[in-house]
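Fold and contact review
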Amino acid sequence: MDTLLDLLNSRPLVDGREVDALADPADGRRWAREHGGDGSLAELASLREARDVLRDIVTGERPPEALEPLLDGVQRIPEVAAEGLRWTLRTPPHARLAVEVILAWADTEERMPGRLRPCANTACRLFLLDRSRANRARWCSMAVCGNREKARRHYERIR
C-alpha cells in the first residue's frame, strides 16, 4: 500500500510547478529500486503509465477498465506450500512493479472502498489513504494542506 501511495504521489506540485519523480531516468531508477524494481527504462515507462491511469481512476476521470492494457498477459498462479497458499505473479519483468501497484490498488478498493482519494486542497496533487475510523480525512497533511485551507476559509470569512 505504501508503494501505491508513493507512486500516486510521485508527481506533486512544488511551488505551483509539477515535479515528476519518474521523469528523469536517474531519479526514476532510484525511485524504482527503492520500491523493489530494477529501474530499467521499460519499467519506468510502465510505472508512469500505471500511475497516470490510477490517478485518473481515483479522481473519477477514467473507469477501472482503463487498466486492462496494463494487465494484458498477467497471471496469478496459486502455489501450495507447507506454510499454506501463496500466489505467484507472472508478468513481463519490466511490468512487475507496476502490476503489483495495480494489485495493491485493487486490494485497497476491496478492503477499504472509498478511502483512497485526492487531497481536498485544489492546489495540491497528492493522494491520501484515510485510515481514520470516521472516514472523514480530507487532506494529505493536516499540518500543510489542512491548515492552509482552514486559513484560506478564515480570511474569506473576515473579509
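Each remark here, short or long, concerns the structure printed above.
Values in this document were obtained by computation on a predicted structure and should not be read as measured data.

Calculation rules
- Residues numbered from 1 in each chain as written.
- Predicted model: local features only at pLDDT ≥ 70, side-chain atom pairs only at ≥ 80, totals over all residues.
- Heavy atoms only, no water.
- Helix = DSSP H or I, 4+ residues; strand = E, 2+ residues; numbered from the N terminus.
- Buried < 20%, exposed > 50% of the residue type's maximum accessible area, 1.4 Å probe, protein only.
- Contact = heavy atoms within 4.5 Å.
- Areas by Shrake-Rupley, 256 points an atom, 1.4 Å probe, with all protein chains shown as cover.
- Lys, Arg positive; Asp, Glu negative; His and termini not counted.
- Charge placed at Lys NZ, Arg CZ, Asp CG, Glu CD.
- Arc of directions from axis to C-beta.

**Description of the overall build of the protein**
In terms of helices and strands, the protein carries 5 helices and 6 strands. Projected onto its principal axes, the C-alpha positions of the protein cover 65 × 35 × 30 Å. Taking all 159 residues of the protein together, 33% fall into the buried category. Here the analysis covers contacts within the protein between residues at least 6 apart in sequence; of these, 43% occur between residues at least 24 apart. With an accessible surface of roughly 9800 Å², the protein has 50% of that area assigned to carbon and sulfur atoms. Of the charged side chains in the protein, 27 are positive and 26 negative, and the gap between their average positions amounts to 8 Å.

**Let's talk about unusual backbone geometry**
For Asp15, which is not glycine, the phi dihedral falls at a positive 55°. Positionally, Asp15 belongs in the loop between strand 1 (13–14) and strand 2 (17–18). Here Asp15 falls in the exposed class, since its relative accessible area comes to 82%.

**A short note on helix 2 (residues 25–34)**
Within the sequence span of helix 2, burial applies to Gly28, Trp31 and Ala32. Down the axis of helix 2, the sector holding all buried residues measures 95°, keeping them to one side. Opposite the buried face of helix 2, at more than 90 degrees from it, the exposed residues are Arg33 and Glu34. Looking at the packing, one finds that the buried side of helix 2 touches helix 1 (2–8), helix 3 (41–58) and helix 4 (96–111). Once helix 2 finishes, Gly36 follows within two positions and takes phi at roughly 95°, a positive value.

**Observations regarding the environment of Leu70**
Within the secondary structure, Leu70 is located in the loop between helix 3 and strand 3 (75–81). Judged by relative accessible area, Leu70 falls into the buried class, the value being 14%. Between the C-alpha atom of Leu70 and that of Pro92, which follows or precedes it by 22 residues, the distance is 11 Å. When residues no more than four places from it in sequence are discounted, the contact partners of Leu70 are Glu49, Ala50, Val53, Val99 and Ile102.

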